[in-house]
Amino acid sequence: MDTLVSLFDQLHAVNPAELFAAGGTSFALIAAAEIGDKSQLVCMTLASRHRPAPVLWGAIAAFMLLNTLAVVFGTAIANWLPDYAVAASVALLFAAFGVHALLNGGGDDDDNQDVAEKSGHGIFITTFLLITVAEFGDKTQLAVVAFSSTAQPLAVWLGSTLALSFTSALGVLAGRTVLQRIPLSLLHKASGLIFLALSATAAYKTYLSLAEAGLIQPL
């Protein structure tokens, strides 16, 4: 309950400049990381067999749920842990994501496998369930958790949800055509560099928090 109260307090104190900056960063980071990922392949596969609108809306609904859970969890972490512990964890997590993206720019083997269509009463529900199961605990959801613990939660939620909606729309509407023109390795390497830049920022925030807490001597 305290976490939800804190989250609502932060929503009332939204700074437009921070909203734009954090939302834009979240959008760029998540969009670059998700191009060619398994969620986009789910949208491609289902849209090739069914009407595109229910597929797109099912994916968007799934990402809205997943990002809401991630932001609430990230805000809870920020309330429970000291600032320097949160910042240090974010720095390490983003550094790991960045190195992984740079070393595996061609995409994961699991992401290139064919996605089997599941049976269901409606394609909306089918897409919603497939995306929710495929993306729960995925690197992008963990990134949203980490980013929302140090930035404006509403901005992170908006940016990440718009980014995932954008990549889903590419999978449904443009699909293979877009992916053939834009090298996946380039997009994944770009996301890796963004992760590393955010890791450096979080590391600097860790230093400032440690100095403020008197645990280290400022330089």
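Residues numbered from 1 in each chain as written. Predicted model: local features only at pLDDT ≥ 70, side-chain atom pairs only at ≥ 80, totals over all residues. Heavy atoms only, no water.

In the annotation of an unreviewed UniProt entry, the entry for the protein reads GDT1 family protein, and the organism field reads Methylomonas koyamae. Regarding the protein, the relevant UniProt record gives this comment under Subcellular location (unreviewed entry): "Membrane". Under the UniProt heading Sequence similarities (unreviewed entry), the entry covering the protein gives this text: "Belongs to the GDT1 family." (UniProt positions renumbered as here; feature names shortened; annotations may be inferred.)

Draft legend 1. Focus on helix α7 (residues 139–148). Of all ten residues making up α7, eight are buried, and the element is well covered by its neighbours. Regarding α7, the residues found buried are Thr140, Gln141, Ala143, Val144, Val145, Ala146, Phe147 and Ser148. (Buried < 20%, exposed > 50% of the residue type's maximum accessible area, 1.4 Å probe, protein only. Helix = DSSP H or I, 4+ residues; strand = E, 2+ residues; numbered from the N terminus.)

Draft legend 2. Just the packing of aromatic side chains, in detail. Tallied over the full model, the rule gives two aromatic pairs. For the pair Phe27 and Phe166, a centre-to-centre distance of 6.0 Å together with 45° between the ring planes defines the contact as tilted. Here Phe27 is found in helix α2 (residues 16–34), whereas its partner Phe166 is found in helix α8 (residues 153–174), with 139 residues between them in sequence. On the basis of relative accessible area, Phe27 is assigned to the partly exposed category, the value being 30%. (Phe/Tyr/Trp six-rings, centres within 6.5 Å; stacked < 30°, edge-to-face > 60°.)

Draft legend 3. Region of interest: the side chain of Ser148. By secondary structure assignment, the location of Ser148 is in helix α7. Looking at Ser148, the relative accessible area reads 3%, which means it is buried. Side-chain polar atoms of Ser148 contact the backbone oxygen of Val144, separated by 2.8 Å. Once residues within four sequence positions are removed from consideration, Ser148 is found in contact with Ala70, Val71, Gly74, Thr75, Pro153 and Val156. (Polar contact = N/O pair within 3.5 Å; in protein donor to acceptor, adjacent residues only side chain to side chain. Contact = heavy atoms within 4.5 Å.)

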